[in-house]
Amino acid sequence: MSKHSAENSVAERRLRPIYDWLDNGNNKKALQEADKVLKKQPDFQCCRVLKCLALIRLGKEGEAEVILNKVLSESPVDEGALQAMTIAWRELQQPGKICQMYEGAVKKEPQNEEFLTHLFMSYVRLGEYKKQQLAAMNLYKVAIKNPYYFWSVMSLVLQAVEGDPALAKTVHLPLAHKMVQKMETSGKLEQEQEVLLYILILELKEDWKSGLAVLDGPLGIKLAKSASYRNFCLAKRVEFHLASEDWEEVAKLSREELDRLPDQWSAYTQFISAVKELKDKEVTSTYTAEEAEEFILSQQTSHPAMRGPWLAQLELVSTLQSTALLPPLILDYFSKFSTKPVTFSDLAKYLAMLDTKQQQELVTQLTNQYCDQPINNIGDICRDVNLVQLSRFCGNMTNLSNSHLEVEVTRLLAKYNSVQHIVTDMVSTDLRPPDNYLVLASHLLWDMWNTTKEEKYFMQCTALLYTGLSTSPSNWQMKLMLIKLMNVVGAGAVSYSLHSSLDIKHLMLDTLGWLLGRQLSFSGQLGLASQHASQTVKLYNHVNKDTADHIITAFRSGTFYQIRDIYKLRNRLATSHHFLTMDTERQLLDLLLETSIHTQAVQMVSYLELADEDKDSKDWDKRKDNRDMNTMASWDPSALGLTKEMVDTSFQTELLYSRTRQLLLKTIASAVYLSEDMVPIKETNSSTTNGEVPSSTSLATNLSNLTSSLQSHWSTCCQVSTATTPPARHAQPKAPSTPSLSSYSQSGQVATMLDMLGVASRIHQVQVDTQTKELMGECSKHLVLGLEALASKIDTSSSKLLERGEILEQVVWLLESVGLSAILCGVVLSLIRGGGGAKGGKKGKKGKGAVQQQFSELVNSYTSMLGDLQEVASKLLELTEKLEANISAESLVTNMSGLAVDADEILANEAGEV
Amino acid sequence: MSTLRQFTCDDLFRFNGINLDPLTEMYGLSFYLQYMARWPEYFMVAESPSGDLMGYIMGKSEGQNENWHGHVTAVTVGPEHRRLGLANQLMEGLEEISDSKNCYFVDLFVRVSNKIAISFYNKLGYTVYRTVLQYYSGEQDEDAYDMRKALTMDVNKKSVVPLDSPVHMEELDY
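Residues numbered from 1 in each chain as written. Chains lettered and ligands numbered in written order. Predicted model: local features only at pLDDT ≥ 70, side-chain atom pairs only at ≥ 80, totals over all residues. Heavy atoms only, no water.

1. As for the interface of chain A and chain B
Contacts between chain A and chain B engage 54 residues on the former and 43 residues on the latter. Of the roughly 4,500 Å² buried between chain A and chain B on both sides combined, carbon and sulfur atoms contribute 62%. By the criterion of area lost to chain B, the three top residues of chain A are W476(A), M508(A) and H550(A), representing 13% of everything that side buries. Taken together, the links from chain A to chain B amount to four salt bridges. In this structure, E96(B) engages R230(A) in a salt bridge whose closest nitrogen and oxygen atoms are separated by 2.5 Å. Across the contact surface, chain A and chain B share 17 residue pairs in polar contact (both at pLDDT 80 or more). (Contact = heavy atoms within 4.5 Å. Buried area = accessible area lost by both parts, 1.4 Å probe. Salt bridge = Lys/Arg side-chain N within 4 Å of Asp/Glu carboxyl O. Polar contact = N/O pair within 3.5 Å; in protein donor to acceptor, adjacent residues only side chain to side chain.)

Quick look at the structure:
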């Protein structure tokens, strides 16, 4: 045994127990054991790092960091030490140190392939594209292996995609191209994945000609031979020809594809649009409109059972001929495929092209033809359901009187009941085709409820959906509809349980979060809202790690297209608007629910994770709308359906509202910081590095900047809300429920907060004058107005279910305002007592606790300010009790009154402290 | 009729109409990314003419020597798009890719209670190779059938000869 390996085995024997203790989670023992070993061998790097792991897990991060930095400065090359240290830095959330660590190791052993690989991957985790590129190149120099070379190329591509577009065009992409070409000419371009990267580069360069040259050349031909990439190659060829507007080639390639895959829809649409372009541009071509028609008819003959060729004819006729020719084709398509559940969706696009008269004629014809047909099997049910959906889409159930609509509902129910015997054998996990009768009926009832405000329609609607669920418990369309209904009436707990039964989790929380996210707060279910928001935020917090892991996997497997795709995903989630919303609401809820006295507020504020304001102020309106509004079914006529404009308007409002709330949270937090002269943790870290401690002046500046941002943002909101008429609130079941800015303004929340922040900042500047006193005297004036508005609503419309959600929303805003005001009262009191280094005030622990001399004349104003707020709180409580009395479903408000008591307690506590 | 193409990250934001199905598991992000990053060619989605996602299949290839095989991790079709033979088409696509990679067979796991799925796989030529005890955990643990279909490489169809007795999960070597 050589000396080296003997040493190794001794070391391993000594470390083994420490590893075991760490694995078992017994960190105390691990620490003891490590100390024991270190007594004999104080320089043992790996052991020192393992000790740090134990320390970190015992909550002694600071102590661990000191040791780790010491080991880091020694540039360890011991494999065990490096591995353990990687884990330690990761647990300390300092991935940058892992790079540093491998940089040190590589410096000592520049030929070590493994260290270089680790260094590369550690840069990937941080998204250091430039350094990645160099590390991969060094790796390639050490070990001439193709993957390393292409890692370097891909890192260049990432600089192009994620960086400055101008540089991408002039520097990064041309260089990447050259690098790949070099491999190609020297005959070293071998792997399929490398060719894919080649194609990706040319695609990004928008160099379609070269792209096609690769695809049509030996590399592309070889790639297309593999079943894995055949479709990919074909799709790219078409895409590149499309981009270079070579319609002849597009037509030719689509045709080839259709010969092989006669049901591939994208090939039909590409083919037909290419023929249209050729025709419009009067290019002489083999692909004329006539030829295209002939071809599609021949496809029908050779594949009569496939839907593609038949629907393609509709596409062809509507694109190249006249929509007047569509009706007989639609009839024909319906007769062929009506037993498939998807037929209505197939036809909707073409139905929408017809005018009202044509639509009416079509529906009459279809109805005459099919209404007497017996329904004996599932296919027959589908046919009838398609017919009903089509008839709704063509406007047959709009502009009807209520009595007619009621007849329609009854008819749909009768249909539903009459076919139940056919579906009794279906398993409970299957969706039953006749359920669609109920869903459609529920849409009609929703409309009637909205136009008449008559409760019976709501009751009927929910009853019908619950009945449907009792036989078809997995039908999510019915559940989604129920969630919407419950949201309108403010029954958040019911929405929540329906939502839970749908098992909506992971990414669905982002795309379907709009269904429940804020609605829980607005219905007064603040505990559930907080729980739900935390759960949602977790999704986003894991994105960076999850995506980094798989970007690394993708580098290892050379799936370069996917690397780019995963980066896009990361970005889409990191900038998700829903994330911003839920993160802000969660923190506001924490502040409101978990604090009863000022010290708790201070503590809570110190926990907040507030994003960087410089970045937020630039990016708040660049957030992405990831809401999925298509999963909820609807067969509304196209003129009445949910339009893109409606979704966009709703999103703009969402953005304005979320930003207001974000600023509100940040401003309140910064007021609390100021009152305690305390520095947010994040800033403490950065300040220790440059040695500056933010002074009370900088805290004050921060508060004043945020306050003026809030002020100006809020005035924009008010302008927007007066300038635009928001769409009717519950126009369609599918429509997103966006908070109304004018209702929010009516609650007086932001105005009140601005007033109170004004008071705090005047006191901090020792402006003990009439104006300050006046401001203090008027702090609750906006809330009083809000209360009045609420009171009149409770008098006139609280019995109306349709308005109940909106009333509860007002109640919640007012409650929040009282709670947040209480926190700001705590801030004011703390300042009066000499906190926050108010100018001229004596700072320090001794001075604090009693009212400062200079503020003594404000005590009365403060007391009456508290009194005013307390009055608001008790009036609000009275109003909620009245509301409760008005509402039969008492459960809706139990949470509300609970919260009102909380707010009351806060105020009582604050008052007691004066 | 559909457009068959590779699954992309953006599809994750649009597949609710398929994944709300109670028999289709909604996994964490990491699960889908793992398949996309390693076996993108095995992750296919079908899109309808109206632009809705209809169904998808995800799978992989793994194993050594005569165990080198394609595996179907999930195949699912949204309710509106059933009765169109789509699952069939997706399975064929996966088999074709596995064949071109010289796999010996394709296999999949299915709950022994899921009669509909079992008969569907039977029709496609899959047979029960073995029973895996307590493969599915939950309120009530459930056994799985490991079903297989031999590919061109397996000339003598050795890979699908059923085992005599069930195996435990720990005995699965891949």
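Back to the text.
2. Some words on the nonpolar core
Core analysis: the biggest nonpolar cluster contains 250 residues, and L351(A), F555(A) and L12(B) have the highest contact counts within it. At ten residues, helix α25 (residues 435-452) of chain A tops the list of elements feeding residues into this core. In this structure L12(B) touches L507(A), L569(A), F7(B), L29(B), Y32(B) and M36(B), once residues within four positions along its chain are discounted. (Core = buried A, V, L, I, M, F, W, Y, C linked by side-chain atoms within 4.5 Å. Buried < 20%, exposed > 50% of the residue type's maximum accessible area, 1.4 Å probe, protein only. Helix = DSSP H or I, 4+ residues; strand = E, 2+ residues; numbered from the N terminus.)

3. Brief notes about the state of the cysteines
Inspection of the entire model under this criterion finds zero disulfides over all chains. This cysteine, C718(A), is not joined by any disulfide, and C717(A) carries the nearest cysteine sulfur, 6.6 Å off. (Disulfide = S-S within 2.5 Å.)

4. Points about the side chain of S228(A)
Looking at where S228(A) falls in the secondary structure, it is placed in the loop between α13 (218-225) and α14 (230-243). Contact partners of S228(A), with chain neighbours within four places excluded, come to Q6(B), E41(B), I97(B), S100(B) and K101(B).

5. Digging into the pairing of strand β7 (residues 142-150) of chain B
Residue and element names in this part refer to chain B. Counting buried positions over the nine residues of β7 gives seven, a clear majority of the element. Sheet topology places strand β6 (residues 127-136) next to β7; six bridges connect them, and they run antiparallel. Looking at β7, one finds that Y136 is bridged to E142. In sequence, β6 turns back onto β7 through a hairpin of five residues. (Pairing = 2+ DSSP bridges.)

6. Structural notes on the packing of helix α41 (residues 749-764) of chain A against helix α42 (residues 770-777) of chain A
Residue and element names in this part refer to chain A. At a closest axis distance of 9 Å, the pairing of α41 and α42 adopts a crossing angle of 150°. If you check the angle between α41 and α42, you find them roughly antiparallel. Note on packing geometry: the crossing formed by α41 with α42 is left-handed. Between α41 and α42, the contacting residues are D755, G758, V759, R762 and I763 on the first element and Q771, T772, L775 and M776 on the second. Among the residues forming the contact of α41 with α42, the class breakdown is four nonpolar, three polar and two charged. (Axes fitted to C-alpha atoms, helices over the stretch in contact; angles between N-to-C directions. Parallel < 35°, antiparallel > 145°, perpendicular 65-115°, else oblique. Left-handed = near helix turned anticlockwise from the far one by under 90°. Nonpolar A, V, L, I, M, F, W, Y, C, P; charged D, E, K, R; others polar.)

7. Focus on unusual backbone geometry
Although it is not a glycine, Q93(A) sits at a positive phi angle of roughly 55°. Locating Q93(A) in the fold gives a position in the loop between α5 (79-91) and α6 (95-108).

8. Quick look at empty space enclosed by the protein
All names here are of chain A. Within this structure, the stated rule accounts for seven cavities of 30 Å³ or more. The calculated volume of the largest cavity comes to roughly 260 Å³. Taken together, 20 residues form the lining of the largest cavity, with N487, V488, Q519, H730 and S737 sitting closest to its centre. Every element with two or more residues in the lining of the largest cavity is listed here: α27 (476-488), α30 (517-522) and α44 (801-832). Per-element tally for the lining of the largest cavity: the top contributor is α44, with four residues. (1 Å grid on protein atoms, 1.4 Å probe; cavity = no way out; pocket = protein on both sides within 12 Å on 5 of 7 lines; lining within 4 Å. Points joined across faces, edges and corners; volume = space filled by probe spheres on them.)

9. A short note on the packing of aromatic side chains
As enumerated under the stated definition, the model contains 39 aromatic pairs over all chains in all. Their ring planes at 50° and their centres at 5.3 Å tell us that W208(A) and F240(A) sit as a pair that is tilted. Remark: F240(A) occurs in helix α14 and W208(A) occurs in helix α12 (residues 208-216); sequence separation between them is 32 residues. Measuring from centroid to centroid gives 5.6 Å for F15(B) and Y32(B), while their planes differ by 70°, and the two rings are edge-to-face. (Phe/Tyr/Trp six-rings, centres within 6.5 Å; stacked < 30°, edge-to-face > 60°.)

10. Notes on the packing of helix α4 (residues 61-73) of chain A against α5(A)
Residue and element names in this part refer to chain A. Packing of α4 against α5 leaves a shortest axis separation of 12 Å and a crossing angle of 135°. When the axis of α4 is compared with that of α5, the two are oblique. As for the relative orientation of α4 and α5, their crossing is left-handed in sense. Mapping the contact onto sequence places E65, L68, N69, V71 and L72 in α4 and M85, A88 and W89 in α5. Tallied by class, residues from the contact of α4 with α5 come to six nonpolar, one polar and one charged.

11. Points about the sheet that holds β6(B)
All names here are of chain B. On the basis of which strands lie adjacent, the open sheet formed by eight strands has the order β1-β2-β3-β4-β5-β7-β6-β8 and mixed pairing. Edge strands, defined here as strands with exactly one partner in the open sheet, are β1 (3-6) and β8 (167-168). Sheet strands touched by helix α2 (residues 29-38): β3 (53-62) and β4 (69-77). Its angle to β3, the strand with the most contacts, is close to 65°.

12. Observations concerning the pattern of salt bridges
Residues and elements named next belong to chain A. Counted by the stated rule, this structure contains 62 salt bridges over all chains. With a closest N to O distance of 2.2 Å, E654 and R518 form a salt bridge. Here E654, found in helix α37 (residues 644-676), pairs with R518, found in helix α30; they are 136 residues apart in sequence, far enough to count as distant. Classification of E654 by relative accessible area gives buried; the value is 7%. Each member of the salt-bridge network shares a partner with another, and the members are E613, D616, R659 and K666.

13. So, the environment of T269(A)
When you line up the elements, T269(A) lands in helix α16 (residues 265-280). For T269(A), a relative accessible area of 25% puts it in the partly exposed group.

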